[in-house]
Amino acid sequence: MTMIKKWFAGLTLGMSVLALAACGGADEAADKNETPDSQEEAATEEGAETVEMPEPDLEGVPNVVAEVNGEEVTKEEFETVYTAQFQQASMQSQMTGEELDQDQLKKMVADSIVGQKLLIQEAGNRDFTASDEAVETMLNDLTAQNGMETSDDLLAALKEQGMSEEEIMGQIETQVKLDALLAEEAGDTEPTEEEVRATYDQLKAQQEEAGGEEMPAYEEVKPTLFEQLKQQKAGQAAQTLVAKLREQGDVTINL
């Protein structure tokens, strides 16, 4: 159930905007034919008994972390998202053996939250709405992703972790609006067969050069590569739009 709460802690970050701060990590996972979840599971299996998880350094975080066109990013909001991202980054750090730079991670998280705010504001400015059907579809997708039978099971689990149904549905509605905004910006993000095949061939060559395990057959990993390339295109559109909105807006980060 922790993974569910973590997902909701950075809902709009995790599904669309965190390409801004974590697309590099996603690319690395793709290179290794791994997903973030598989990395987390591996880190847990390999290090749960021998490695003590570090604690996030939240000392000195100001009460107002940032201001975005007059809207504040509070210390509480930042710490919630940062703690979730810190946990994932710590596991990846243990796997790679590289020391985690918390100052850099704080800046990345702050930038991501600013990007989130800018996109939410822009979705509001363009009058995007979240239909009941779209909200229901996303809720069902989340239910399936978390291995639950019904959406009621998911809502009950999240309520046990301190989230109200109003808060949950509000975040889902926000994400639906952001998806619509980014779809409008990105246009057609469907990768071609040639793009998917080229990515597979590149990964296969990297695996062979590194002397790693043999890549699975193309048809076996094609759906995963297709989704990764699709998300990459959407992430690039998000980055471009956020950069534009940030340049035009009034943004101050106090870290």
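Sequence order as written defines residue numbering, which begins from 1 separately in each chain. For a predicted model such as this one, the threshold for reporting local features is a pLDDT of at least 70, and the threshold for listing and counting side-chain atom pairs is 80 or more; totals across whole chains, interfaces and linings nevertheless cover every residue. Based on all heavy atoms of the structure, the side-chain values leave hydrogens and waters out of the count.

Draft legend 1. Main features of the overall build of the protein chain. To qualify as a helix, a DSSP run of H or I must reach at least 4 residues; to qualify as a strand, a run of E must reach at least 2; elements of each kind are numbered from the N terminus. Check the secondary structure of the protein chain and you find 11 helices and three strands. Helices and strands appear in the protein chain in the N-to-C order α-α-α-α-β-β-α-α-α-α-α-α-α-β. Counting the 255 residues in the protein chain, one finds 35% classified as buried. Sequence-distant contacts, at least 24 apart, represent 78% of the contacts inside the protein chain between residues at least 6 apart. Accessibility throughout is a Shrake-Rupley quantity obtained with a 1.4 Å probe, and a residue counts as covered only by protein chains that appear here. Taken as a whole, the protein chain presents about 14,600 Å² of accessible surface, with 45% of it coming from carbon and sulfur. Exposed residues in this analysis have more than 50% of their type's maximum accessible area, buried residues have under 20%, and partly exposed residues fall in between, with area computed by a 1.4 Å probe over protein chains only. The contact criterion used is simple: two residues touch if any of their non-hydrogen atoms lie within 4.5 Å.

Draft legend 2. Fine view of the packing of helix α9 (residues 165-186) against helix α11 (residues 218-248). Only the contacting stretch of a helix is used when fitting its axis, a line to C-alpha atoms as for every element, and angles between N-to-C directions run 0 to 180 degrees. The contact between α9 and α11 brings their axes to 9 Å, and the two run at 95 degrees. The pairing of α9 with α11 is recorded here as roughly perpendicular in orientation. For the pair α9 and α11, contact is made by L181, L182, E185 and A186 and by A234, A237, A238 and L241, respectively. By the convention adopted, Pro, Cys, Tyr, Trp, Phe, Met, Ile, Leu, Val and Ala count as nonpolar, Lys, Arg, Asp and Glu as charged, and the other residues, Gly among them, as polar. When grouped by side-chain class, the residues that make up the contact of α9 with α11 number seven nonpolar, no polar and one charged. Here is the rule for angles: anything less than 35 degrees is roughly parallel, anything more than 145 is roughly antiparallel, 65 through 115 is roughly perpendicular, and the remaining ranges are oblique.

Draft legend 3. Spotlight on the confidence of the model for the protein chain. Confidence of the predictor at the level of single residues is given by pLDDT, which spans 0 to 100. In the predicted model, the protein chain carries a mean pLDDT of 81, and the fraction of residues at 70 or more is 80%. Taken as a whole, residues 1-40 scores under 50 in pLDDT and shows 81 contacts with residues more than four places along the chain or in a different chain.

Draft legend 4. Up close: the packing of helix α10 (residues 193-210) against α11. Contact geometry of α10 with α11 gives a least axis separation of 9 Å together with a crossing angle of 110 degrees. The orientation of α10 relative to α11 falls into the category roughly perpendicular. Of the residues in α11, those in contact with E193, E195, V196, R197, T199, Y200 and L203 of α10 are Y218, V221, K222, L225, F226, L229 and K233. Its residues assigned to classes, the contact of α10 with α11 shows eight nonpolar, one polar and five charged.

Draft legend 5. Spotlight on the pattern of salt bridges. Any Lys or Arg side-chain nitrogen located within 4 Å of an Asp or Glu carboxyl oxygen qualifies as a salt bridge. In total, this model carries 12 salt bridges according to the counting rule given. Across the pair K106 and D57 runs a salt bridge, and its minimum N-O distance is 3.9 Å. With a gap of 49 residues between them, K106 in helix α6 (residues 102-125) and D57 in the loop between α4 (36-47) and β1 (64-68) connect regions that are remote in the sequence. The exposure class assigned to K106 is buried, which follows from its relative accessible area of 9%.

Draft legend 6. Representation of the sheet that holds strand β3 (residues 251-253). Any two strands between which DSSP finds at least two bridges are classified as paired. Spatial strand order, β2-β1-β3: three strands in an open sheet with antiparallel pairing. At either margin of the open sheet sits one strand with a lone partner, and together these are β2 (71-74) and β3. In this sheet, adjacent strand axes meet at a mean angle of 20 degrees when their direction is disregarded. As paired elements, β1 and β3 share three bridges and run antiparallel to each other.

Draft legend 7. Inspection of the pairing of β2 at higher detail. Judged from the four bridges that link them, β1 and β2 form a sheet pairing that is antiparallel. Residue pairing for β2: E67 is matched across the bridge by E72. Hairpin connection of β1 to β2: two residues between the antiparallel strands, including N69 at a positive phi of 50 degrees.

Draft legend 8. Spatial organisation of the nonpolar core. We call a set of buried Ala, Val, Leu, Ile, Met, Phe, Trp, Tyr and Cys residues a nonpolar core when their side-chain atoms join them within 4.5 Å. By size, the foremost hydrophobic cluster in this structure holds 26 residues, and its most contacted members are F78, V109, L119 and L181. Those elements giving two or more residues to this core turn out to be β1, α5 (75-96), α6, α9 and α11. Residue contributions to this core peak at eight residues, all from α6. Not counting chain neighbours up to four residues away, the residues in contact with L181 comprise L119, E122, A123, R126, F128 and L241.

Draft legend 9. Focus on unusual backbone geometry. The residue N69 is not glycine, and still its phi comes out positive at about 50 degrees. By the element assignment, N69 lies in the loop between β1 and β2. A positive phi angle, near 60 degrees, is found at D127, a position not held by glycine. Along the polypeptide, D127 turns up in the loop between α6 and α7 (132-145).

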